[in-house]
Amino acid sequence: MASRFAHVAKRFASTNVAASSNPWLAERVVTKEHAGPAAETWRKISIYVCIPALIAASANAYNLYTRHQAHLEHERHEGHEAVKYPYMRLRAKAFPWGDDSLFFNPDVNM
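All residue numbers refer to position in the chain's written sequence, counted from 1. Under the rules for a predicted model, residues below a pLDDT of 70 receive no local features and side-chain atom pairs below 80 are neither given nor counted, while totals for whole chains, interfaces and linings still include all residues. As a rule here, side-chain values cover all heavy atoms of the structure and leave hydrogens and water aside.

A. Region of the structure containing the pattern of salt bridges. By definition here, a salt bridge exists when the distance from a side-chain nitrogen of Lys or Arg to a carboxyl oxygen of Asp or Glu is within 4 Å. Across all of its chains, the model carries one salt bridge by this definition. In this structure, the salt-bridge partner of Arg-43 is Glu-40, at a minimum N-O distance of 2.7 Å. One end of the pair, Arg-43, and the other, Glu-40, are both in helix H2 (residues 23-78), three residues apart, so they sit about a helical turn from each other. Working definition: helices are DSSP H or I runs of at least four residues, strands are E runs of at least two. Numbering for both runs from the N terminus.

Have a look at this one:
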């Protein structure tokens, strides 16, 4: 019984075949040798290019957001009067919930 298991274990053991005798193994060795430096290059690109670019884009988005919020606050305090042109808000009959649309927001919409 032990010899049967030894035979199965021997079948699944790796063999030491020279890479020069098998073209597929030779190609695999070359690919492995190339993959190390290539992976290192992409790791450096990710760390030194992508992360600073994300930080710069986030800072830009935050600055734009704060300026936009300041502009909206200025408009809210200044109080602009909306002009009701005759071609806007044409209604054949009134809405059941009032004069404006269902999604009307008086702070934002005219």
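Structure's up, so let's keep going.
B. Representation of the packing of aromatic side chains. Here the aromatic set is Phe, Tyr and Trp, taking the six-membered ring for Trp, and pairing holds for ring centres within 6.5 Å; pairs whose planes are under 30 degrees apart are stacked, those over 60 apart are edge-to-face, and all others are tilted. Overall, the coordinates contain two aromatic pairs when judged by the stated rule. Residues Tyr-85 and Tyr-87 carry aromatic rings whose centres are separated by 5.5 Å and whose planes lie at 15° to one another, so their mutual orientation is stacked. Per-residue accessibility, obtained with a 1.4 Å probe over protein chains only, is compared with the maximum for each type, and a residue is labelled buried under 20%, exposed over 50%, and partly exposed between these values. A relative accessible area of 59% places Tyr-87 in the exposed class. Relative to Trp-97, the ring of Phe-95 has its centre 5.0 Å away and its plane inclined at 5°; by these criteria the two rings are stacked. Under the relative-accessibility criterion, Phe-95 is labelled partly exposed at 29%.

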